[in-house]
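# Descriptive structure summary
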Amino acid sequence: MSSENLPQSPEQQLRKPRVAVVFGGRSSEHAISVVTAGAVLRSIDRTKYEVLPIGITTDGRWALTADEPDRMGIADRRLPSVEELAESTEGAVVLSVDPGNREVVYSEQGSVPKALGEVDVVFPVLHGPYGEDGTLQGLLELSGVPYVGAGVLASAVGQDKEYMKRVFLSYGLPVGPYEVIRPREWRQDPSGARKKIVDFAAEHGWPIFVKPARAGSSMGITKVDALEGLEDAIEEAQRHDPKILVESLLRGREIECGVLEFEDGPRASVPAEIPPVTSHEFYDFEAKYIDAAAGLVPAPLTEEETAEVQRLAVEAYDAVSCEGLVRADFFLTEDGGFVINEINTMPGFTPISMYPRMWQESGVGYAELIDRLIHAALRRPTGLR
């Protein structure tokens, strides 16, 4: 039975929709997810929705957390965590996998489980593996609970940069040169794996970028200017993912574009440009979240360039079968063409993040953006669609 067809009780019909904001998680992007959740909790319209914050600790426990967004930001370069926000060090939140029951239960050892009420929609603001990669989406499909954002397949493809690029290529989207080294290659023939990277650099030139294939927020990425820096870059990438992606340097301007699901289908925002960051090697984690490097919104592009990047962003959204939202990242190369670098199915989502800023400039404010995403989720059934 799909969630769309579940019968509603009189209590459901009278009360406001209950939104579970799920955040944190087991990935290296845990802290950024907490920051994102704080922004959503601060801005969601409490006159329209009841809100239930649920944090996932770094070891995977679902915890009932305080609804205190002011404690969820970056303070003095210190990153927040679910462990600091959890109301108990042992209690756990449990979501039923029975599609006929959306009840959320909280239990602690030695205590009677407490019902927290039914959840109408989940707003998952997890980044990286174990949340943005289709795993949480699969659980919510089993539970029959609508959720914001991409489904299982699109989330998985959007997380794995290798398969993302393969899908883009199959749809004729322009993709830059890349190489993939899988975990089995590292185990069985590490010298051969390293040779593949060196041969790639010889063909496409230094510098190259070595990055985890399935991580985000610029975690684990190293710009490698010469052979001497390769070993450290591989080690850093493998701290986040045993599968490594290697990309050549694309010389040009970094352009981003947001896609949002409206009632009549996906639309693209005005694009933004990430200017060169002089204090960092590239637009890395610290530039994005600690030093808050400013992007240019809207990007200084011609009308033709703007229309082209908007078209490509929607094509990328459709190619991966996305839903809800996507941020598509491009390079405008020196020859005047766009190359797509990647998409993010749950992009940075604080008010100062590029995705909300692009939509703010497009006429959709932050609170309205949250509202539209929730309504888009409620319009869709779970299951095959």
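In what follows, the accompanying structure is described.

About the criteria used
Residues numbered from 1 in each chain as written. Predicted model: local features only at pLDDT ≥ 70, side-chain atom pairs only at ≥ 80, totals over all residues. Heavy atoms only, no water. Core = buried A, V, L, I, M, F, W, Y, C linked by side-chain atoms within 4.5 Å. Buried < 20%, exposed > 50% of the residue type's maximum accessible area, 1.4 Å probe, protein only. Helix = DSSP H or I, 4+ residues; strand = E, 2+ residues; numbered from the N terminus. Pairing = 2+ DSSP bridges. Axes fitted to C-alpha atoms, helices over the stretch in contact; angles between N-to-C directions. Salt bridge = Lys/Arg side-chain N within 4 Å of Asp/Glu carboxyl O. Phe/Tyr/Trp six-rings, centres within 6.5 Å; stacked < 30°, edge-to-face > 60°. Lys NZ or Arg CZ within 6 Å of the ring centre and 35° of its normal. Parallel < 35°, antiparallel > 145°, perpendicular 65-115°, else oblique. Contact = heavy atoms within 4.5 Å. Nonpolar A, V, L, I, M, F, W, Y, C, P; charged D, E, K, R; others polar. Polar contact = N/O pair within 3.5 Å; in protein donor to acceptor, adjacent residues only side chain to side chain.

## Examining the nonpolar core
Core analysis: the biggest nonpolar cluster contains 34 residues, and Val21, Phe23, Phe123, Phe349 and Ile374 have the highest contact counts within it. At the level of secondary structure, the elements contributing two or more residues to this core comprise strand 1 (18-24), helix 2 (30-43), helix 3 (82-85), strand 7 (121-124), strand 12 (252-262), helix 12 (354-361) and helix 13 (366-379). Per-element accounting of this core gives the leading share, 6 residues, to helix 13.

## Points about the sheet that holds strand 6 (residues 114-118)
What the 3 strands build is an open sheet, ordered 4-5-6; its pairing is antiparallel. Each of the sheet's edge strands pairs with one partner strand only, and the pair in question is strand 4 (92-95) and strand 6. Strand-to-strand, the axes of this sheet are offset by a mean angle of 25°, without reference to chain direction. Bridge analysis of strand 4 against strand 5 (residues 103-107) gives 4 bridges, and the strand direction is antiparallel. Within strand 5, the residue paired with Leu95 across the bridge is Val104.

## Notes on the pattern of salt bridges
One pass over the full model with this rule turns up 33 salt bridges. Arg15 serves as the salt-bridge partner of Asp120, at 2.5 Å between the closest nitrogen and oxygen. Separated by 105 residues along the polypeptide, Asp120 in the loop between strand 6 and strand 7 and Arg15 in the loop between helix 1 (10-14) and strand 1 bring together distant segments of the chain. Grouping residues by exposure puts Asp120 and Arg15 together as buried. Between Glu179 and Lys196 there is a salt bridge whose closest N-O contact spans 3.7 Å. Here Glu179, found in strand 8 (residues 178-181), pairs with Lys196, found in helix 8 (residues 190-204); they are 17 residues apart in sequence, far enough to count as distant. Salt bridges linked by common partners bring Glu141, Glu261, Glu263, Glu323, Glu368, Arg372, Arg379, Arg380 and Arg385 together as one network.

## Things to note about the packing of aromatic side chains
For the structure on display, the rule yields 5 aromatic pairs. Three or more aromatic residues joined by ring pairs make a cluster, and in this case those are Phe123, Phe349, Tyr355 and Tyr366. The positively charged end of Lys165 is found above the aromatic ring belonging to Tyr178, 5.7 Å away from the centroid. For the cation-ring pair, Arg267 lies above Phe262, with the distance from its terminal atom to the ring centre recorded as 4.0 Å.

## Overview of the packing of helix 5 (residues 152-159) against helix 6 (residues 161-170)
What describes two packed helices is the angle between their axes and the distance between those same axes. Helix 6 packs onto helix 5 with a crossing angle of 105° between their chain directions and a minimal axis gap of 5 Å. The angle between helix 5 and helix 6 falls in the class roughly perpendicular. Counted together, Val157, Gly158 and Gln159 of helix 5 and Lys161, Tyr163, Met164 and Val167 of helix 6 form the full contact between these two elements. Residues that form the contact of helix 5 with helix 6 fall into these classes: 4 nonpolar, 2 polar and 1 charged.

## Points about the environment of Glu305
Relative to the elements of secondary structure, Glu305 occurs in helix 11 (residues 303-319). In the structure, Glu305 is positioned 33 residues away from Phe338 in sequence and 8.7 Å away in space, judged by C-alpha atoms. Sequence-distant contacts of Glu305, that is, excluding residues within four places in its chain, are made with Leu332 and Phe338. There is a polar contact of 3.0 Å between the side chain of Glu305 and the backbone nitrogen of Thr302.

## A closer look at the sheet that holds strand 1
Read from one edge to the other, the open sheet built from 4 strands follows the order 3-2-1-7, with strand pairing classed as mixed. Whereas interior strands pair on both sides, the edge strands pair on one side only; in this sheet they are strand 3 (62-64) and strand 7. In this sheet, adjacent strand axes meet at a mean angle of 30° when their direction is disregarded. Here 3 bridges tie strand 2 (residues 50-56) to strand 3, and the two strands are oriented antiparallel to one another.

Interpretation in functional terms is not warranted from these geometric data alone.
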